[in-house]
Amino acid sequence: MLWFVLRRCGSAVIVLFLASVLIFLGIRALPGDPATVMAGQEASPAVVAAIRAEFGLDKPLPAQYLDYVTQTLAGNLGRSTQDQLPVAGIIAERLPVTLELSALAMLVAIVVGVGAGIVAAVRRGRFADYVATGFGLAGLSVPHFWLGLLGILLFAVTWRVLPASGYVPFTADPAANLQRMILPALVLGTGFAAILMRQTRSAMLGALSADYVRTARSKGLSEVKVVGAHALRNSLTTVITVLGLQLGALISGAVVTEQIFVIPGFGKLTVDAVLTRNYPVIQAVVLVTVIGYVLVNLLVDLAYALLNPRIRLAGARHD
């Protein structure tokens, strides 16, 4: 198990290194001169050259990359070109908002999606299966922005039970915070729940027709124990895989959702940085997103080994 963990951690470090190179080169490949953008179109060449020297843009690319890695490892992500505030501080302020929204959306997706998938598989070909399958199809077909606008129209304008937009920190007023996050979390979690429902249903149908499930039923075990302790546990590998792979989609969905509900989170910060060509912020948010994605997939790999020991044994034999 230790060798399996070390091997996965080594792979994650290599991915992070390659990602840092791609992010660095990708930002430099964007059209336009960052120094000219920061100085303004009417600035003199001397002012542009001074800005280029201040941010190290006049150095060769290898030297710039070395400075970038060194400062990043030291926790210095640079300063915003809009207000000169430290980028690390801006991300530290915005990231918890998006993490809260993503956690609530994931909670909605797991409860609704996995629950509906189990019911659809157990009640295959019955009314509950048709309802769950219809929900999955609708959830995958409806875009986030339309669902968000529909939610605002129904819950905020027509019934007046939830606020249409805004954000209150959880530490300031927990009740007001949850009241404003319910609707965005439902909007963001609906599409994710539909994917989880379909994958859970498919995995459960395969497990329920397996020999070990028939053996468990022949022993006289209750249907609840057969489904919960045998079929569902072996289906969780598929569910965890989907959870890891959908993290990127969850973050991209948060960008749209935060724009609709005016939530000052990581996604809105990304959109604002792109619109204003705030290169240090763009570079930092992409890097933080990649780190989060790699860490989640590393946790998924470790969860595989815990749920199914044959995976780590196969890896050990391969080595």
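Please read these numbers as outputs of a predicted model, since none were measured by experiment.

J.: I keep staring at the pattern of salt bridges and nothing clicks. Help me out?
T.: Between side chains of opposite charge, a pair can form as their charged atoms come close. Counted under the stated rule, the structure contains 5 salt bridges. Residues Arg-201 and Asp-129 are paired through a salt bridge, measuring 2.9 Å at the closest nitrogen-oxygen approach. Note that Arg-201 is positioned in helix 8 (residues 174-208) and Asp-129 in helix 6 (residues 127-141), a separation of 72 residues in sequence. The buried category is assigned to Asp-129, whose relative accessible area is 3%. The partner of Asp-211 in a salt bridge is Arg-214, and the shortest N-O contact between them spans 2.3 Å.

J.: I would appreciate a short explanation of a nonpolar patch on the surface in the present structure.
T.: A contiguous nonpolar surface patch, about 400 Å² in accessible area, is contributed by Phe-145, Trp-146, Leu-149 and Val-256. Top element by residues in the nonpolar patch is helix 7 (residues 144-158). It accounts for 3 residues. With respect to the element layout, Trp-146 can be found in helix 7. For Trp-146, a relative accessible area of 46% puts it in the partly exposed group.

J.: Can you help me understand the UniProt feature "transmembrane region" (unreviewed entry) in the protein chain in this one?
T.: Per the UniProt annotation, the sites labelled "transmembrane region" (unreviewed entry) are residues 12-30, 103-122, 134-158, 178-197, 239-261 and 281-307. Note that residues 134-158 is 92% helix and 0% strand, and that its end C-alpha atoms are spaced 26 Å apart. What you have in residues 178-197 is 100% helix and 0% strand, and the ends, taken at the C-alpha atoms, are 25 Å apart.

Cut-offs applied
Residues numbered from 1 in each chain as written. Predicted model: local features only at pLDDT ≥ 70, side-chain atom pairs only at ≥ 80, totals over all residues. Heavy atoms only, no water. Salt bridge = Lys/Arg side-chain N within 4 Å of Asp/Glu carboxyl O. Helix = DSSP H or I, 4+ residues; strand = E, 2+ residues; numbered from the N terminus. Buried < 20%, exposed > 50% of the residue type's maximum accessible area, 1.4 Å probe, protein only. Patch = residues over 30% accessible without salt bridge, like charges linked within 9 Å, V, L, I, M, F, W, Y side chains within 5 Å. Areas by Shrake-Rupley, 256 points an atom, 1.4 Å probe, with all protein chains shown as cover. UniProt positions renumbered as here; feature names shortened; annotations may be inferred.

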